[in-house]
Each structure stands twice: as C-alpha cells, then as structure tokens.
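Residue strings, one per chain:
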Amino acid sequence: MTKAVIAKGKKRTESTVTLKPPNCPTSILGCWVINHTHSAKKSGKFIEVTGKFDVNVWYSHHDHSKTSVFTESVPYKDRIRLHYRDEPVSGQEEVLVEVIQHPNCTEAIISDCGEKFEITIERELLAEVVGETKVCVTVHPHNFEEEWSFNDESSSHDHGGGHGKGHGHGRHEAQSQGPDHEHKKGKDPSPF
C-alpha cells in the first residue's frame, strides 16, 4: 500500500459578470483581475472549488472628463468531475487544486444600457485526489541491470571544443546524434 494520485480532473471556465459602477461609464480604459483565493473539498466523484477574485475596471465618465477605478469582489463555485485511475481503499483522501490559469479578463465592454460593465473572465483549474492505493513491485535477480536510453559520451569526439566556457556542453549535445550519424560523417565505425 502507498499514497499516490488516484484521481484527476480539469475544468476551464469562461463566464461573464455584470458590474454597475457608481458613475455612468463613457469608455473602458483597462481591466484586470487580482487577489484570487480558493478552497476545495471532495463531494462524491467531484471536487467543489469555492473561490473569489477582485475585478478592477479603469474607466472614464462624465463625457471623458474624469477617470475612476471601480473594484468589485466576484465569488464563484466550480465542480470538477474526477476521473479515477484506482478506486479509493480508505476514506482518508487529500484534495489538491492547482491553478493552471488564474482568473483573467478576456473582454470588457459597456452594456447596451450604457450603465454597466460586462466582463468576460476565464480560469482553468486542475484537481487531484491523493489516497492510498495498491502497487505491484517487480522483483528481479541480483544481476539484473535496468535498461536506460542515453547516448554514450566520449572525449575523443569533442575535438577540443567541448570544454569552453558556457557553450561546450550544448555544442556537444547538438553534434552527438548516435552511432548512425557518426558512420555518415566517415568517423571510426568502431564501437569502442
């Protein structure tokens, strides 16, 4: 038994919020979203994420003669469906939520009535459930050697340029393309 990620889920949300500033807006000069906070809990085969963020709109009013910044806190609740790799074997599970895309303004316009803002917000969350699960361990004899996929390095292929300051490493990696490449270049085909 070990602890591992037994379920995952991801959700991208795009929604429009309507905000009413104290002054009738003439134009929108900028919009940004800050102070995102959230908490999560498991509910059946879903993760419920409850959060909020602040929307700030910089706008002009009184026929472009004045500017102001209007701020409003916007709450949200997302339900993220979980996809299980292993069914849980105990009730002690840990919920982890990673923010792939913090709430971000994609569009900000003045409503048709001319008194409100219509702000389109996108966000994307990744949820993981960590719980106890069974694992299978393969036992090998003592002389077993795990196969690794890597290119052999040899100082004879460096031609004196591989120890320069800062770039020798990258040059060596770009030149070493495996044994077939070396045969094409006319180098020694010996594997040693």
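Above this note sits the structure.
Residues numbered from 1 in each chain as written. Predicted model: local features only at pLDDT ≥ 70, side-chain atom pairs only at ≥ 80, totals over all residues. Heavy atoms only, no water.

(A) Local environment of a nonpolar patch on the surface. Side chains of Leu-29, Trp-32, Ile-34, Trp-58 and Val-69 sit close together on the surface and give an oily, nonpolar patch of about 450 Å² of accessible area. Looking at which element gives the most residues to the nonpolar patch, the answer is strand 2 (residues 25–43), with 3 residues. Tracing the sequence through the fold places Trp-58 in strand 3 (residues 46–61). Note on Trp-58: relative accessible area 38%, which makes it partly exposed. (Patch = residues over 30% accessible without salt bridge, like charges linked within 9 Å, V, L, I, M, F, W, Y side chains within 5 Å. Areas by Shrake-Rupley, 256 points an atom, 1.4 Å probe, with all protein chains shown as cover. Salt bridge = Lys/Arg side-chain N within 4 Å of Asp/Glu carboxyl O. Helix = DSSP H or I, 4+ residues; strand = E, 2+ residues; numbered from the N terminus. Buried < 20%, exposed > 50% of the residue type's maximum accessible area, 1.4 Å probe, protein only.)

(B) Molecular detail of the pairing of strand 6 (residues 94–110). The pairing of strand 6 with strand 7 (residues 117–133) spans 13 bridges and is classified as antiparallel. Residue pairing for strand 7: Cys-105 is matched across the bridge by Ile-121. In this structure, the hairpin formed by strand 6 and strand 7 is closed by a connection of 6 residues, where Gly-114 is found at a positive phi of approximately 85°. (Pairing = 2+ DSSP bridges.)

(C) The sheet that holds strand 4 (residues 66–81), seen in detail. Strand order in the open sheet formed by 3 strands is 2-3-4, and the pairing between neighbours is antiparallel. Where the open sheet ends on each side, the last strands, each with one partner, are strand 2 and strand 4. Looking at each pair of strands side by side, their axes are set apart by 15° on average, direction ignored. Pairing analysis gives 16 bridges linking strand 3 to strand 4, with the strands arranged antiparallel. Counterpart to Phe-53 in the pairing with strand 4 is Val-74. (Axes fitted to C-alpha atoms, helices over the stretch in contact; angles between N-to-C directions.)

(D) Structural detail: the sheet that holds strand 7. With antiparallel pairing, the 4 strands of this open sheet are ordered in space as 5-1-7-6. With one partner strand each, in any of the chains shown, strand 5 (83–84) and strand 6 form the two edges of the open sheet. Pairing between strand 1 (residues 2–19) and strand 5: 2 bridges, direction antiparallel. In the strand pairing of strand 5, Ala-7 is matched with Tyr-84.

(E) Examining the packing of aromatic side chains more closely. On inspection of all chains with the given rule, the structure shows 3 aromatic pairs. For the ring pair Phe-53 and Tyr-76, a centre distance of 6.0 Å and an interplane angle of 35° mean the geometry is tilted. Linking Phe-53 in strand 3 with Tyr-76 in strand 4, this pair joins segments that are 23 residues apart in sequence. Like Phe-53, the residue Tyr-76 is buried in the burial classification. (Phe/Tyr/Trp six-rings, centres within 6.5 Å; stacked < 30°, edge-to-face > 60°.)

By themselves, these are just geometric observations and shouldn't be taken as functional.
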